[in-house]
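Close look at the chain arrangement
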Amino acid sequence: MAEIIVSVIAEKVLDKLITLVYDEVSLASGVKNDVKQLTDTLNTIKVVLSDAEEKQNHNPKLRVWLEKLKEVCYDAEDVLDEVEVENLRNQVVNRQSIAKKVCHFCSSSNPVVFRFTLRHKIKEINKRLAKITVDKNDYNLTEKIDSSHVIGWDRETHSFIRDSDVIGRDKDKEMIIESLLQPSYGHENVSVISIVGIGGLGKTTLAKWVYDDKLVSDNFSLRMWVCVSDEFCLKKLLIDIINSATGQKYIQKSLDQLQSELRDIISHERYLLVLDDVWNEVHRLWLELKCLLNECVSGSKILVTTRSERVALIMDVVFTHKLEGLALDQCLLIFVKCAFKEGQEKQHPKLIEIGKEIVKKCGGVPLAVKTLGSLLHSLPSEQEWTNVRDNEVWKSDQKDNSILLALRISYNKLSPPLKQCFVYCSIFPKDFKFVSSILVYFWMANGLLHAHDKNEDLENIGMQYIKELMWRSFFQDIERFDNDVYTFKIHDLMHDVATSLFQNECLTVKGSNQIASKTSYRHLFFRGVDGEVVTLNFIRSLSNVRSVLFSSMIGLANLF
């Protein structure tokens, strides 16, 4: 269910309104009075927003109220943006000649006409907001001060899998390696082995651990890793496989050229290919790829990770390893590593007891344990730990999905600005490789970063947000480069959480004939389609779009 975040948007609108109130140049006196009224009304609502956002999941009517408020805030922000643009235009006009000023007065941007139109728009917003203010009394909301902030941590991150990073999977690793070292079966040169399990169990982590093992690297002279995710496209897969084998990045070739190049690469070496996170259940699509991958040295292997046993079935696997949840004591080890600095757990026996009860609720899923452990690292009091243990989210209808419940609790504990920045990441496709500096620029361009004083640098604020999300386990596969630049990905389940929260604002366009189901979308992502043609069609039907992103625009991340 999508959560509505209004507090951050309202704060930004208030900042702009306050600036206008004290600006003696931008507004005529009548308009200034309307702006003051809007400011006062929004301030009245602001103090109960924190409580409303917490209670919305248990009150559908309250969620509708928040949705209406969000729409008004967005509309108000659009009007205030018009004022900023008009002010910039006037600055230019003031530097022009008298003749040009006369033309400007007679044009559509006449300041008198603009102020008349502006006052009409602000009065309309005031009218809508007044109704919303009256309606808030129906929900018994209390005033709360939002004390959440970004926390400075002293933990370092790393990108590669060490033995000490993987807990409780030694036997799983041994069984998979044993199957990889077996000779090929039947007449096939290549055999397929699968790791199957629910999301968050650590299938990818286990596959990486196996992939880097010395026995495996000694047996396979060529190793390749490709994340497949939800798009099983033959040409894209061939490009990714060749890129992994050669270390190249972009290949602009025909399908026939790619097939030929792949044969040249695999025909003389025994290879191991990991196809991570496969969702394709169409047997024909798999056969097209397998036919090409079979022209290799006998004994080659393909290791597949998937959540679906049906995927394993259509890929004709010779061995399926079903990954189960970890035992309670193993989960507790992971939890302690994330929730405490090394050795400090001995000083907090009461927190350990509460932690055991929290871990039991995670259903043996490492990602859930790690995420909540990382969250509690920043919550040192016993009461805060008890609040997580007794959180109402655990009482949700999704009782059988402990991982999503745990992730949702961690999300709920983020500050409103961090929530907005995190859900914005769902605009990008699954398995997208983010670059920290570029993501910060996207956040800045969409107005998601706000300085509380003029001396704060927005880029520094953005990096603080990224580090906080890293430390809370919202990001993974983290690599650090020079000049404090990081690359990272979002776990599929984290991406699912973000997508569910942002579904009313973001639309991914995958085909030229796609039709928008609602007109309220504010962000469009064109994935592999002709953007120039499709954009025009969508702009005609969507009046609130704030950003348009094309898949070709985000290729910068692949340079790292």
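Please read these numbers as outputs of a predicted model, since none were measured by experiment.

On to the overall build of the protein, then. In terms of helices and strands, the protein carries 22 helices and eleven strands. The burial tally for the protein puts 49% of its 560 residues in the buried class. By sequence separation, contacts in the protein at least 24 residues apart represent 72% of the contacts at least 6 residues apart. Of the accessible surface of the protein, which amounts to about 27,600 Å², a share of 52% is contributed by carbon and sulfur atoms.

Counted under the stated rule, the structure contains 15 aromatic pairs. Ring centres of F428 and F432 lie 5.0 Å apart, and the angle between their planes is 20 degrees; on these two criteria the pair is classed as stacked. F432 sits in the buried class, given a relative accessible area of 12%. Taken together, a centroid distance of 4.2 Å and an interplanar angle of 20 degrees make the contact between F475 and F488 stacked. One end of the pair, F475, is in the loop between α20 (458–471) and β7 (476–481); the other, F488, is in strand β8 (residues 485–489), and 13 residues separate them in sequence. F488 shares its class with F475; the two are buried. Clustering of aromatic rings is evident, with ring pairs tying together Y424, F428, F432, F434, F442, F475 and F488. Across from the ring centre of Y211, 4.8 Å away, lies the NZ or CZ of R223, which sits over that ring.

What follows deals with the sheet that holds strand β6 (residues 434–435). Read from one edge to the other, the open sheet built from three strands follows the order β6-β8-β7, with strand pairing classed as antiparallel. Only two strands of the sheet have a single partner each, and these edge strands are β6 and β7.

With that settled, the discussion passes to the nonpolar core. In terms of nonpolar packing, the biggest core is built from 92 residues, with F422 and W443 touching the most fellow members. With seven residues, helix α13 (residues 328–339) is the largest single contributor of residues to this core. Every residue in contact with F422, bar those within four places of it in the chain, is listed here: Y411, L414, L469, F474, M494, V497 and A498.

Despite not being glycine, D277 has its phi angle at roughly 60 degrees, a positive value. Structurally, D277 is set in strand β3 (residues 271–278). In this structure, S473 is a non-glycine residue whose phi angle is positive, near 70 degrees. With respect to the secondary-structure elements, S473 resides in the loop between α20 and β7. Looking at S473, the relative accessible area reads 10%, which means it is buried.

Taken in spatial order, the three strands of this open sheet run β9-β10-β11, and their pairing is parallel. A strand with exactly one partner marks an edge of an open sheet, and here the two such strands are β9 (506–509) and β11 (547–550). Across this sheet, the average inter-strand angle for adjacent strands is 15 degrees, counted without regard to direction. For β9 and strand β10 (residues 523–526), the ladder comprises four bridges, and the chain directions are parallel. Of the residues in β10, the one forming a bridge with C506 is H523.

It is worth spelling out the confidence of the model for the protein at this point. Mean pLDDT over the protein works out to 81, with 81% of the residues at or above the 70 mark. Note on residues 101–108: pLDDT is under 50 here. Beyond four places in sequence and across chains, it has eleven contacts. Low pLDDT (under 50) marks residues 556–560, which in the prediction has 13 contacts with non-local residues, meaning those over four places away or in another chain.

Our focus in this paragraph is the pattern of salt bridges. Two side chains that carry opposite charge are able to pair once their charged atoms sit near each other. A full pass over the atoms with the stated rule returns 30 salt bridges. The shortest N-O distance in the salt bridge between K290 and E188 comes to 3.9 Å. Taken together, the residues span a long stretch of sequence, with K290 in helix α11 (residues 283–293) and E188 in the loop between α6 (170–180) and β1 (190–196) at a distance of 102 residues. Judged by relative accessible area, K290 falls into the buried class, the value being 10%. A network of salt bridges, in which partner residues are shared, links K12, K16, E77 and D81.

Mapped onto the fold, S500 is located in helix α21 (residues 492–502). For S500, the side chain forms a polar contact with the main-chain oxygen of V497, separated by 2.7 Å.

Mapped onto the elements, L439 comes out in helix α19 (residues 436–445). Residue L439 is classed as buried on the basis of its relative accessible area of 1%. Taking the C-alpha atoms as reference points, L439 and M463, separated by 24 residues in sequence, lie 9.3 Å from one another. Setting aside residues no more than four positions away along its own chain, L439 makes contact with C425, F428, F434, I466, F475 and F488.

Our focus in this paragraph is the pairing of strand β4 (residues 300–306). When you tally the buried positions in β4, you get seven out of seven residues, the bulk of the element. Across seven bridges, β1 lies against β4 in parallel orientation. Residue pairing for β4: V192 is matched across the bridge by I302. Pairing geometry for β3 and β4, over four bridges, is parallel. Counterpart to V274 in the pairing with β4 is L303. You can see the chain leave β3, run along α11 and come back into β4, and the turn it takes is right-handed.

Looking now at α21. Burial runs high along α21: eight of the eleven residues are buried. Along α21, the residues classified as buried are D492, L493, M494, H495, V497, A498, L501 and F502.

So, how was this worked out
- Along each chain, residue indices are assigned from 1 in the same order as the chain's sequence is written.
- Local features in this predicted model are restricted to residues whose pLDDT is 70 or higher, and side-chain atom pairs enter the listing and the counts only when it is 80 or higher, whereas totals over whole chains, interfaces and linings include all residues.
- Only hydrogens and water are set aside; all other atoms, that is, all heavy atoms of the structure, feed into the side-chain values.
- Helix and strand assignments follow DSSP, with helices taken as H or I runs no shorter than four residues and strands as E runs no shorter than two, numbered in order from the N terminus.
- Throughout this description, buried means an accessible area under 20% of the type-specific maximum (1.4 Å probe, protein chains only), exposed means over 50%, and partly exposed covers the range between.
- Note on contacts: a residue pair is in contact if any heavy atoms of the two residues lie within 4.5 Å.
- Using a 1.4 Å probe, accessible areas were evaluated by the Shrake-Rupley method; residue-level cover was limited to the displayed protein chains.
- Paired rings are identified among Phe, Tyr and Trp, the last through its six-membered ring, by centres lying within 6.5 Å, and are further divided according to the angle between planes into stacked (under 30 degrees), edge-to-face (over 60) and tilted (the rest).
- Ring-over charges, as used throughout, are those where CZ of Arg or NZ of Lys falls within 6 Å of the ring centre and within 35 degrees of the ring normal.
- Pairs of strands are assigned from DSSP output, requiring at least two bridges between the strands.
- Among buried residues, those of type Ala, Val, Leu, Ile, Met, Phe, Trp, Tyr and Cys that are joined through side-chain atoms within 4.5 Å constitute a nonpolar core.
- Helix axes are fitted to C-alpha atoms over the stretch in contact, other axes to C-alpha atoms as well, and angles between N-to-C directions run from 0 to 180 degrees.
- For every residue, the predictor reports its confidence as pLDDT, a number between 0 and 100.
- Note on definitions: salt bridges are taken to be side-chain nitrogens of Lys or Arg within 4 Å of carboxyl oxygens of Asp or Glu.
- Polar contact is defined as a pair of N or O atoms within 3.5 Å, subject to the rule that within protein one atom must be able to donate a hydrogen and the other to accept it, and that residues adjacent in sequence are counted only when both atoms are side-chain atoms.
- Crossover handedness is defined by viewing with both strands directed away from the observer: a clockwise path from the first strand over the helix to the second marks the crossover as right-handed.

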